[in-house]
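Structure assessment
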Amino acid sequence: MAVTRLADGDRVRLSTGHEVTLPLVTEATVAGAVLPARYDVAASLLPEGLTPVRATARRAAVVLLCVEYHRIGDDAMSPYDEFAVAIAATPDGRRPPLLPLLTRAAGAYVWSLPVTTEPARALGDEIWGYPKTVADIDHRDDATGRETTVVEDGDRVATVRIDWPRTWERRERIASYAVREGRLERTPVAFQGKLGAAPLSGRVAVAPGDHERADTLRALDLGTRSVLRFSLDGRITYGAGRAVER
């Protein structure tokens, strides 16, 4: 089956009727963390063609992102929230980059991505192949951090608390991986704005719930001390995905 090819400059009409232009520029507030995890479990969640990045000699790295989108493109749809669980990864045969994750060499496979609206689900699924589902997501921000609770199908997936690190104006680029229409693709993602990062921090807490995906979070045995704690208040730009050559 032929894959629908997308490129920067394309204007895409979603199944919901919403239209967006690539690259898609969004405005968002993000609290995130990179946590050590069981290598064998992390590897089992990756598609063929990707290998986990190691946080330590024996542990993989899992990325948690608690995101509040304030604007999507040219107000293409209403703002929404999301909670991402991603596995830091690199294509097979390439030397894994060293952490911290927020470097141009790094990438992460999006394993789970609940969002709060159907247009947001269609956006991620139809353009990038992200495994988005619709859920209730509650961000509670205060002066020290963000607490995010995710409930899907009536069951709590997780509650995550991440303290804000100190921020400064900067730009960064990373990559995300997903499988779209049966093909592994790499999407360039650019951050610009007030970006913060704090290595080796204990100011992250993850409490899995009783949803079936919470069982996987428990199996990952996420460490209680983050490899990296980070935040963004600014723009996130998503380019068109490109096939990962094997």
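Note that the structure is predicted; figures quoted are calculated from it, not measured.

**Comments concerning empty space enclosed by the protein**
- Counted according to the given criterion, the structure contains two cavities of 30 Å³ or more.
- The computed volume of the largest cavity comes to approximately 390 Å³.
- Lining the largest cavity are 29 residues, and of these Leu65, Glu82, Ser176, Val189 and Tyr238 sit closest to its centre.
- Residue assignment for the lining of the largest cavity shows that the elements contributing at least two residues are strand E3 (24–38), strand E5 (59–72), strand E6 (81–91), strand E7 (107–115), helix H2 (118–128), strand E12 (167–180), strand E13 (183–201) and strand E15 (226–238).
- With four residues, the top contributor of residues to the lining of the largest cavity is E5.

**Describing the packing of aromatic side chains**
- Overall, the coordinates contain three aromatic pairs when judged by the stated rule.
- The interplanar angle of 40 degrees and the centroid separation of 4.8 Å between the aromatic rings of tyrosine 69 and tyrosine 80 together place this pair among those described as tilted. Taken as a pair, tyrosine 69 in strand E5 and tyrosine 80 in the loop between E5 and E6 lie far apart in primary sequence, eleven residues in all. Accessibility assignment for this pair places tyrosine 69 and tyrosine 80 in one class, buried.
- The interplanar angle of 25 degrees and the centroid separation of 5.9 Å between the aromatic rings of tryptophan 128 and tyrosine 130 together place this pair among those described as stacked. A single burial state applies to tryptophan 128 and to tyrosine 130, both of which are buried.
- One aromatic cluster is present, formed by Trp128, Tyr130 and Tyr238 through successive ring pairs.
- Across the ring face of tyrosine 39, the terminal group of arginine 54 is positioned such that the distance to the ring centre comes to 4.0 Å.

**Quick look at the sheet that holds strand E10 (residues 145–152)**
- A sheet is described by the order of its strands in space; here four strands give the open sequence E9-E10-E11-E14, paired in antiparallel fashion. The two strands at the open ends of the sheet, each matched to only one other strand, are strand E9 (136–141) and strand E14 (204–208). Along the sheet, successive strands turn relative to each other by an average axial angle of 10 degrees, direction set aside.
- Pairing analysis gives six bridges linking E9 to E10, with the strands arranged antiparallel. When the sheet's bridge partners are listed, aspartate 141 is paired in E10 with arginine 146.
- On top of the sheet, helix H3 (residues 212–220) reaches E10, strand E11 (155–163) and E14; it is set at about 45 degrees to E11, its chief contact.

**Quick notes on H2**
- Burial analysis of H2 places eight of its eleven residues in the buried class, the great majority of the element.
- Looking only at H2, the buried set comprises Pro119, Ala120, Arg121, Ala122, Leu123, Gly124, Ile127 and Trp128.
- Regarding H2, its N-cap is threonine 117, as a side-chain oxygen of that residue lies 3.1 Å from the backbone nitrogen of alanine 120 further along.
- In the stretch just after H2, glycine 129 is the one whose phi turns positive, near 80 degrees.

**Observations regarding H3**
- Buried residues of H3: Arg213, Ala214, Leu217 and Leu220, and no others. Looking straight down H3, one finds its buried side chains confined to an arc of 110 degrees; they lie on one side.
- Downstream of H3 by a residue or two, aspartate 221 has a phi angle that is positive, lying close to 55 degrees.

What counts, and where the lines are drawn
Residues numbered from 1 in each chain as written. Predicted model: local features only at pLDDT ≥ 70, side-chain atom pairs only at ≥ 80, totals over all residues. Heavy atoms only, no water. 1 Å grid on protein atoms, 1.4 Å probe; cavity = no way out; pocket = protein on both sides within 12 Å on 5 of 7 lines; lining within 4 Å. Points joined across faces, edges and corners; volume = space filled by probe spheres on them. Helix = DSSP H or I, 4+ residues; strand = E, 2+ residues; numbered from the N terminus. Phe/Tyr/Trp six-rings, centres within 6.5 Å; stacked < 30°, edge-to-face > 60°. Buried < 20%, exposed > 50% of the residue type's maximum accessible area, 1.4 Å probe, protein only. Lys NZ or Arg CZ within 6 Å of the ring centre and 35° of its normal. Pairing = 2+ DSSP bridges. Axes fitted to C-alpha atoms, helices over the stretch in contact; angles between N-to-C directions. Contact = heavy atoms within 4.5 Å. Polar contact = N/O pair within 3.5 Å; in protein donor to acceptor, adjacent residues only side chain to side chain. Arc of directions from axis to C-beta.

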